[in-house]
Amino acid sequence: VQLQASGGGLVQAGDSLRLSCAISASTLSNSVMGWFRQAPGKEREFIAATRWNGARISYADSVKGRFTIPRDNAKNTVYLQMNSLKPEDTAVYYCALRWGWYAGTLTPGVFGSWGQGTLVTVSS
């Protein structure tokens, strides 16, 4: 499985940005796609996750109501739509994949495959 994240950049507070994660895999059934971010000097934190069939979606409290995690099954791509961006959203964003929904806390350790990260910088 290979994941390729893209779409990062420099934006102003209040702007929107959409990140993409293209996945190369023979099948994505039963997969769970997640987005994480890591700010300088901080640990990588969970942002959002979705089952590939969309049956389960989860968001971190810090982004609820501002971020969504749509996907395009035909393109094997999952997105992170980020609205009303804040300077504290500045981080390197990573997409990740695991097989099967995880009922516990969605930490980086429960995801086995990762993209390379894309930098999002939000200026005030």
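Rules and cut-offs
Residues numbered from 1 in each chain as written. Predicted model: local features only at pLDDT ≥ 70, side-chain atom pairs only at ≥ 80, totals over all residues. Heavy atoms only, no water. Helix = DSSP H or I, 4+ residues; strand = E, 2+ residues; numbered from the N terminus. Rg over C-alpha atoms; globule rule 2.2 N^0.38 Å. Buried < 20%, exposed > 50% of the residue type's maximum accessible area, 1.4 Å probe, protein only. Areas by Shrake-Rupley, 256 points an atom, 1.4 Å probe, with all protein chains shown as cover. Salt bridge = Lys/Arg side-chain N within 4 Å of Asp/Glu carboxyl O. Core = buried A, V, L, I, M, F, W, Y, C linked by side-chain atoms within 4.5 Å. Phe/Tyr/Trp six-rings, centres within 6.5 Å; stacked < 30°, edge-to-face > 60°. Lys NZ or Arg CZ within 6 Å of the ring centre and 35° of its normal.

Trainee: How do you make sense of the overall build of the protein when you look at a structure like this?
Mentor: When you go through the protein residue by residue, the secondary structure sums to zero helices and twelve strands. On C-alpha atoms alone, the protein measures out to a radius of gyration of 13 Å, which is about the 14 Å that the 2.2 N^0.38 rule sets for 124 residues. If one aligns the C-alpha atoms of the protein with their principal axes, the spans along those axes are about 40 × 30 × 25 Å. For the protein, buried positions account for 42% of its 124 residues. Element-wise, carbon and sulfur atoms account for 46% of the exposed surface of the protein, whose accessible area totals about 6100 Å².

Trainee: Is there a simple way to explain the pattern of salt bridges in this structure?
Mentor: Where side chains of opposite charge bring their charged atoms close, a pairing between them can arise. Under the defined criterion, the tally for this structure stands at four salt bridges. Among the ionic pairs, Glu45 bridges to Arg37, the shortest N-O distance being 2.6 Å. With a closest N to O distance of 2.7 Å, Arg66 and Asp89 form a salt bridge. Taken as a pair, Arg66 in the loop between strand 6 (57–59) and strand 7 (67–68) and Asp89 in the loop between strand 9 (77–82) and strand 10 (91–99) lie far apart in primary sequence, 23 residues in all.

Trainee: What is the right way to look at unusual backbone geometry in this model?
Mentor: Most peptide bonds take the trans form, and the phi angle of most residues other than glycine is negative. In this model, Asn30 sits at a positive phi of 70°, which is unusual for a non-glycine residue. Secondary-structure assignment places Asn30 in the loop between strand 3 (17–24) and strand 4 (31–38). According to the relative accessible area criterion, Asn30 is partly exposed, its value standing at 45%.

Trainee: What is the right way to look at the nonpolar core in this model?
Mentor: Most often, soluble globular proteins keep nonpolar side chains buried together rather than apart. Ile23, Trp35, Leu80, Met82 and Tyr93 are the most contacted members of the largest nonpolar core, which totals 36 residues. Mapped onto this core, the elements with two or more residues apiece are strand 1 (2–6), strand 3, strand 4, strand 5 (45–51), strand 9, strand 10 and strand 12 (118–123). It is strand 10 that provides the largest number of residues to this core, a total of five residues.

Trainee: Sorry, what's going on with the packing of aromatic side chains here?
Mentor: Two numbers describe a pair of aromatic rings. These are the distance of the centres and the angle of the planes. Counted according to the given criterion, the structure contains five aromatic pairs. Ring centres of Phe36 and Phe111 lie 5.2 Å apart, and the angle between their planes is 80°; on these two criteria the pair is classed as edge-to-face. Pair noted here: Phe36 is in strand 4 and Phe111 is in the loop between strand 10 and strand 11 (113–114), with a separation of 75 residues, a long-range link. A relative accessible area of 0% means that Phe36 is categorised as buried. Arranged with centres 6.3 Å apart and planes meeting at 80°, the rings of Tyr94 and Trp114 form a pair that is edge-to-face. A residue pair is termed long-range when its members are at least 10 positions apart, and Tyr94 in strand 10 and Trp114 in strand 11 qualify at 20 residues. Look at Trp114 and you get partly exposed, because its relative accessible area is 26%. The cationic tip of Arg44 hangs over the ring face of Tyr94; the distance from NZ or CZ to the ring centre is 3.7 Å. Just above the ring of Trp114 sits the side chain of Arg44; from NZ or CZ to the centre is 4.9 Å.

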